[in-house]
Amino acid sequence: MRALLIAALAAALPALAASIQVTAKDARGAPVENAAVWAVARLAPPPRWRREAAVEQKDKQFRPMVTVIQTHTMVRFPNRDDVRHHVYSFSAPKPFEIKLYAGTPVAPILFDNPGEVVLGCNIHDSMLGWIYGVDTPLKTGADGTARIDELPAGDYELQAWQYAQSAKPAPRPVKLRAGESFAAEFTVALKALPPRPASR
């Protein structure tokens with residue numbers, strides 16, 4: 001009987017989890033792609049999704065250009081090009097260097113701190129990418145929307161980031177009830193980016 005009760009409670013948990021639907025727009029109301037949105041739990045720690053991520057190099061570009069991960073995620077950097085790359089970052093959350101290589105490095109890189117990590121290639125100046133570490137990872141698509149599911153009921157602070165922002169959007173306090181689907185919107189002020197140099 002006790003085992004059946006535990007199984008029933010476990011099956012009911014997904015139905016009781018809350019979710020947040022987020023829309024990111026610019027000052028003109030157009031959708032903002034590649035924005036990271038996440039929910040910071042004010043009391044309980046966030047759920048941990050032990051996943052791996054990959055940032056490929058293809059056609060002398062980082063793909064995806066923006067990768068949003070949960071902190072403590074292992075990230076691989078497979079090189080799909082016919083030329084070698086030298087991937088690095090000087091960003092404070094995760095400085096690292098993978099010297100000139102082809103194929104896939106044996107060891108992935110552990111991103112154990114939150115925040116913005118800018119990626120570059122010592123060989124190809126036009127290659128630029130971002131990894132952003134957060135507690136509950138999500139990235140908006142081309143339509144500017146993202147959905148954070150499987151959140152326990154409670155108090156959260158909803159935050160957003162985009163690599164071309166001129167200022168970080170103000171965080172939003174959110175109080176979630178079990179089974180609730182909450183909608184939120186961010187306005188992201190974007191700056192003009194300089195044109196990338198041509199690939200060598």
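Described below are features of the structure shown in this document. Only a predicted model underlies this, so the values are computations on that prediction, with no experimental measurement involved.

Regarding the nonpolar core
Val55, Val75, Phe77, Phe96, Phe111, Leu119 and Ile131 are the most contacted members of the largest nonpolar core, which totals 17 residues. Mapped by element, the contributors of at least two residues to this core are strand E9 (96-101), strand E10 (109-111) and strand E11 (115-121).

Focus: the environment of serine 89
Along the chain, the position of serine 89 falls in strand E8 (residues 85-89). Considered as a pair, serine 89 and cysteine 121 are 32 residues apart in the sequence and their alpha carbons are 8.7 Å apart. Sequence-distant contacts of serine 89, defined by excluding residues within four places in its chain, comprise Lys94, Pro95, Phe96, Val117, Val118 and Leu119. Separated by 3.1 Å, the side chain of serine 89 and the backbone nitrogen of serine 91 make a polar contact. A polar atom in the side chain of serine 89 sits 2.8 Å from the backbone oxygen of valine 118.

Observations concerning the environment of aspartate 81
With respect to the helices and strands, the residue aspartate 81 is situated in the loop between strand E7 (73-76) and E8. In this structure the C-alpha to C-alpha distance between aspartate 81 and glutamine 57, which are 24 residues apart in sequence, comes to 6.5 Å. If we ignore the near neighbours within four places in the chain, the residues touching aspartate 81 are Gln57, Lys58, Asp59 and Lys60. Only 2.9 Å separates the side chain of aspartate 81 from the backbone nitrogen of lysine 60, close enough to count as a polar contact. In this structure the side chain of aspartate 81 is engaged in a polar contact, spanning 2.8 Å, whose partner is the side chain of histidine 85.

Topic: the pairing of E8
Buried residues dominate E8, accounting for four of its five residues. Note: E8 against E9, four bridges, orientation antiparallel. Each bridged residue has a counterpart across the sheet, and for tyrosine 88 the counterpart in E9 is glutamate 97. Between the end of E8 and the start of E9, which pair antiparallel, lie six residues. Both E8 and E11 contribute to a ladder of two bridges, which runs antiparallel.

Let's talk about the pattern of salt bridges
Counting across every chain of the model gives nine salt bridges. The salt bridge involving arginine 147 is made with aspartate 149; its shortest N-O contact spans 2.8 Å. According to the relative accessible area criterion, arginine 147 is partly exposed, its value standing at 37%. Here aspartate 149 falls in the partly exposed class, since its relative accessible area comes to 34%. Residues aspartate 155 and lysine 175 are paired through a salt bridge, measuring 3.2 Å at the closest nitrogen-oxygen approach. You can see aspartate 155 sitting in strand E14 (residues 154-162) and its partner lysine 175 sitting in strand E15 (residues 172-176), a full 20 residues away along the chain. According to the relative accessible area criterion, aspartate 155 is partly exposed, its value standing at 31%. Using a relative accessible area of 57% as the deciding quantity, one classes lysine 175 as exposed.

A closer look at the sheet that holds E10
The strand order across the open sheet formed by three strands is E3-E7-E10, and the pairing between neighbours is mixed. Lying at the two open borders of the sheet, with one neighbouring strand each, are strand E3 (52-54) and E10. Within this sheet the neighbouring strands show an average axis-to-axis angle of 35°, counted without direction. With three bridges joining them, E3 and E7 adopt parallel strand pairing. By the bridge assignment for E7, alanine 54 is matched with arginine 76.

Some thoughts on the sheet that holds E8
Strand order in the open sheet formed by five strands is E6-E12-E11-E8-E9, and the pairing between neighbours is mixed. Looking at the sheet topology across the chains shown, the edges are occupied by strand E6 (66-70) and E9. Here the average twist between neighbouring strands, direction ignored, is 20°.

Rules used throughout
- Residues numbered from 1 in each chain as written.
- Predicted model: local features only at pLDDT ≥ 70, side-chain atom pairs only at ≥ 80, totals over all residues.
- Heavy atoms only, no water.
- Core = buried A, V, L, I, M, F, W, Y, C linked by side-chain atoms within 4.5 Å.
- Buried < 20%, exposed > 50% of the residue type's maximum accessible area, 1.4 Å probe, protein only.
- Helix = DSSP H or I, 4+ residues; strand = E, 2+ residues; numbered from the N terminus.
- Contact = heavy atoms within 4.5 Å.
- Polar contact = N/O pair within 3.5 Å; in protein donor to acceptor, adjacent residues only side chain to side chain.
- Pairing = 2+ DSSP bridges.
- Salt bridge = Lys/Arg side-chain N within 4 Å of Asp/Glu carboxyl O.
- Axes fitted to C-alpha atoms, helices over the stretch in contact; angles between N-to-C directions.

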